[in-house]
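# Inside the fold
Read off the chains here:
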Amino acid sequence: MRMEQLDKMAPATREDRFLAFLDEHRKIVFKVANLYSHNQADSADIVQEVVLQAWRSFDRYDDSRRFSTWLYAIALNVAISFYRGEARRSRMLVPSDESVIQIAASQSQLQAVEDQLGLLRGYMDQLNELDKAIVVMYLDENSYRVIAEVLGISESNVGTRMNRIKRRLQRSCSDTSKKVNSNEIR
Amino acid sequence: MKFDDLERAWQECDRMLDAGIHLNTRRLRSCIREDGELDREIDYSAPIHVVQKQIKQTRPRKWAIVQALEDLAETLHSALLRAFPNRMLRRNRVHRG
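Keep in mind it's a predicted model, so treat the numbers as computed, not measured. For every chain, the first residue of its written sequence is number 1, and the numbers climb from 1 along that sequence. Chains carry letters and ligands carry numbers; both start at the beginning, A for chains and 1 for ligands, and go up in the order they are written. With the structure being a predicted model, the display of local features is reserved for residues of pLDDT at least 70 and the display and counting of side-chain atom pairs for 80 or more, all residues being used for whole-chain, interface and lining totals.

Further remarks concern the overall build of chain B. A run of DSSP states H or I qualifies as a helix once it reaches four residues; a run of E qualifies as a strand once it reaches two. Both are numbered from the N-terminal end. Assigned secondary structure in chain B consists of four helices and one strand. Each helix (α) and strand (β) of chain B, taken in turn from the N terminus, gives the series α-β-α-α-α. Within chain B, the proportion of its 97 residues that are buried is 13%. The burial criterion counts other C-beta atoms lying within 10 Å of a residue's C-beta, which is placed from the backbone; the residue is buried at 20 or more, exposed at 12 or fewer, and partly exposed between these limits.

Here the focus is the interface of chain B and chain A. C-beta atoms are first placed from the backbone for all residues, and any pair lying within 7 Å is then listed as a contact. Contacts between the two partners involve 38 residues from chain B, matched on the other side by 52 residues from chain A. Ranked by residue count, the leading element in the side of chain B that touches chain A is helix α1 (residues 3–20) of chain B, at 11 residues. Within the side of chain B that touches chain A, the residues separate by chemical class into 21 nonpolar, eight polar and nine charged. Pairing of strand β1 (residues 101–103) of chain A with strand β1 (residues 21–23) of chain B, which is carried by three bridges, proceeds in the antiparallel orientation. Each bridged residue has a counterpart across the sheet, and for I101(A) the counterpart in β1(B) is L23(B). We call Asp, Glu, Lys and Arg charged. Ala, Val, Leu, Ile, Met, Phe, Trp, Tyr, Cys and Pro are nonpolar, and the rest, Gly among them, are polar. A pair of strands is labelled paired if DSSP reports no fewer than 2 bridges between them.

Residues and elements named next belong to chain A. Of note, L71 is situated in helix α5 (residues 67–83). Once the C-alpha coordinates of L71 and Y61 are considered, the two residues, 10 residues apart in sequence, prove to be 9.9 Å apart. Residues within four places of L71 in sequence aside, it is in contact with H25, I28, V29 and A54.

It is worth spelling out the domain arrangement of chain A at this point. Residues and elements named next belong to chain A. Domain parsing of chain A yields domain 1 (1–99) and domain 2 (103–186). The set of elements that each furnish at least two residues to the side of domain 1 that touches domain 2 consists of α3 (26–35) and α5. When residues of the side of domain 1 that touches domain 2 are assigned to their parent elements, the largest contribution, six residues, is made by α5. Along the lines of polarity and charge, the residues of the side of domain 1 that touches domain 2 split into seven nonpolar, two polar and one charged. The start and end points of each domain follow an automatic or database-based domain assignment.

As C-alpha cells, this is what we get:
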C-alpha cells in the first residue's frame, strides 16, 4: 500500500493496519525488549516505548522498506537508550500484567520461555549493546545489508564485527569450561 | 560452546514464542490514543548510529553528571562486593594458622 493511500485512510483504519503489522512482527519487539533488560518490568517498559515510538513514526513509514527492518531500528534504538539509562524510565512503570505483549501460556510453558530467554541473555550479556544488536538481527536471519542499514554502518564492518563476536563468544566459553574442568580435577 | 549452540537456543526460543505470545490489543489501543508525552525530537526509525548520536547531543548536561555519579556508585559497589569475601577468607586463614 502506498503512503498516499495510507494518508487518506480514516484514523481507525490506519490504527488497525498498524496493529496488524505489529501483530505480525510482535516477536521482534518481545525478543529485543527481553534481551536488553533483566526483569519483566523493564521489559514491559521497553515494549510499551517501542510501540509508542513506532506508532508515532508510522505516518512516515516508507513502504519501500520492509516493516521488519523499520521495526528493528525502532526497537533496538529504544532498547539501547534504555540500556544506557537515557530513556525516561520514570514515565513508564507498566504493570507486567498490563504489558502490551503478553505471554499466553500455562505456568510451565511460561517458565520454559523464561528459562530459554535467560539462557540467551547469559550468552549475550558479555557483548556490548551494539554487538548484541548485530547478533539479534543475525540470528533472526537478516542479511548483512539489512543489519548495516539498521545500524548505519557498512556491510563489511558488520561482517568484521560478526567474526569478532563469534571468536569472542567461543573463547569466553572455552575459558569457562577450562575453569570448570580444573575445579573438577581438584 | 560454539556459536551453533547460541543459534540452536535462539531457534528453540523462537519456536516457543510463535504460539506463546500475543498482543494485548485493548492495552495497545489505549496506549497509542493517549500518546501525549512522547519524545518527539528524535526519529527512532533512523539508523542506530545516527539516533544514539542525536540522543547524546540533546540530553541535558545535568543527566551527564547524574550518569557519572551512578557509574561511580556502581564501581564502588562491585569493588566492595569483591573485596569483602577476600578479606573474610584471609581473616579465617590467619585464625586457623
